[in-house]
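Letter by letter, the chains look like this.
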Amino acid sequence: MSYCAYELDIDTTNLKEELREYSNNQEYDKWGAFYTDHNTVGKYTKKFYSLFKNGLLTNMRFLKTSHAHEIYPHIDQDLPQRHPDNFNNEIPSHSIRTSTVNVLLNEDESNDITNFYYDMNLIKYSRKTQDYYDRDKDKGLKLMDSFQLKNKPVLINTGTWHSINYTTRRSIASFIFHPIISYNGCVEYCRENKLLIER
């Protein structure tokens, strides 16, 4: 069985310090995010990238929630009419981003739980409208997995429905795989390279 999230056995002590220092003086958009070329961040970020060969997109994301709130079920995808091109034409802007490694930058562990779902109604959404952003948060969704992000980096399936209930402010750095690389492929790569912590 493949779960929707796994911790990775990677020491991120120096990486987190570098990411915190870099992100402190950056300007975030109205969604609490900004994207940047990982090459501009520092040597530990480059080293982290090298663990995944050429699989990660050049731009990475920083996310900072301003308060406790709930993010309703969604799939990671930028909509041309709502977002700029965050990846500088490396991928089509409407691509579903299947896999992401999140690194928690908070000093304390988070109690936040990410839930993952199947869409039991098998709704075929339009790329142009993507009305799933406004859908009833519980409609037709069946819970299949839950996971708590702690101090270790976490590989998550962002290509399936997932929701997060933020209980506190949270700061995260996200390293995003190219959409053509499947989540299961990422899991197997991490397993074979002794990075995956089995559940």
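For the structure itself, consult the block above.
Here's a quick rundown of the structure. None of the values given here were measured: they were computed from a predicted structure.

Some points on the layout of surface pockets
Logical step 1: As a volume, the second largest pocket reaches approximately 190 Å³.
Logical step 2: Every residue lining the second largest pocket is listed: Ile10, Asp11, Thr13, Asn14, Leu15, Tyr44, Lys47, Phe48 and Leu51.
Logical step 3: For the lining of the second largest pocket, the secondary structure elements donating two or more residues are α1 (13–23) and α2 (43–50).
Logical step 4: For the lining of the second largest pocket, the residue count by class is 5 nonpolar, 2 polar and 2 charged.

Things to note about the nonpolar core
Logical step 1: Leu19, Phe52, Phe62, Leu155 and Phe175 are the most contacted members of the largest nonpolar core, which has 28 residues in total.
Logical step 2: The set of elements that each furnish at least two residues to this core consists of α1, α2, β3 (59–64), β5 (99–104), β10 (171–176) and α3 (183–192).
Logical step 3: The leading source of residues in this core is α3, at 4 residues.
Logical step 4: The contacts of Leu19, once residues within four sequence positions are left out, are Val41, Thr45, Met60, Phe62, Leu105, Ala173 and Phe175.

Notes on the pairing of β5
Logical step 1: Judged by how many residues are buried, β5 sits mostly within the fold: 6 of 6 residues are covered.
Logical step 2: Burial along β5 is two-sided: the face carrying Ser99, Val101 and Val103 and the face carrying Thr100, Asn102 and Leu104 are both buried.
Logical step 3: Both β5 and strand β8 (residues 154–157) contribute to a ladder of 4 bridges, which runs antiparallel. The residue bridging Asn102 from the neighbouring strand is Val154, located in β8.

A look at the pattern of salt bridges
Logical step 1: On inspection of all chains with the given rule, the structure shows 6 salt bridges.
Logical step 2: Taking the shortest distance from any N to any O, the salt bridge between Arg170 and Asp112 comes out at 3.7 Å. Here Arg170, found in the loop between β9 (161–166) and β10, pairs with Asp112, found in the loop between β5 and β6 (113–119); they are 58 residues apart in sequence, far enough to count as distant. The residues Arg170 and Asp112 share a single accessibility class, namely buried.
Logical step 3: For Arg191, the salt bridge identified is with Glu188, shortest N-O distance 2.3 Å. Here Arg191 pairs with Glu188, and both are found in helix α3, just 3 residues apart, close to one helical turn.
Logical step 4: A network of salt bridges, in which partner residues are shared, links Glu188, Arg191 and Glu198.

Scoring rules and cut-offs
Residues numbered from 1 in each chain as written. Predicted model: local features only at pLDDT ≥ 70, side-chain atom pairs only at ≥ 80, totals over all residues. Heavy atoms only, no water. 1 Å grid on protein atoms, 1.4 Å probe; cavity = no way out; pocket = protein on both sides within 12 Å on 5 of 7 lines; lining within 4 Å. Points joined across faces, edges and corners; volume = space filled by probe spheres on them. Helix = DSSP H or I, 4+ residues; strand = E, 2+ residues; numbered from the N terminus. Nonpolar A, V, L, I, M, F, W, Y, C, P; charged D, E, K, R; others polar. Core = buried A, V, L, I, M, F, W, Y, C linked by side-chain atoms within 4.5 Å. Buried < 20%, exposed > 50% of the residue type's maximum accessible area, 1.4 Å probe, protein only. Contact = heavy atoms within 4.5 Å. Pairing = 2+ DSSP bridges. Salt bridge = Lys/Arg side-chain N within 4 Å of Asp/Glu carboxyl O.

So far we have only geometry, and geometry alone does not tell us how the molecule works.
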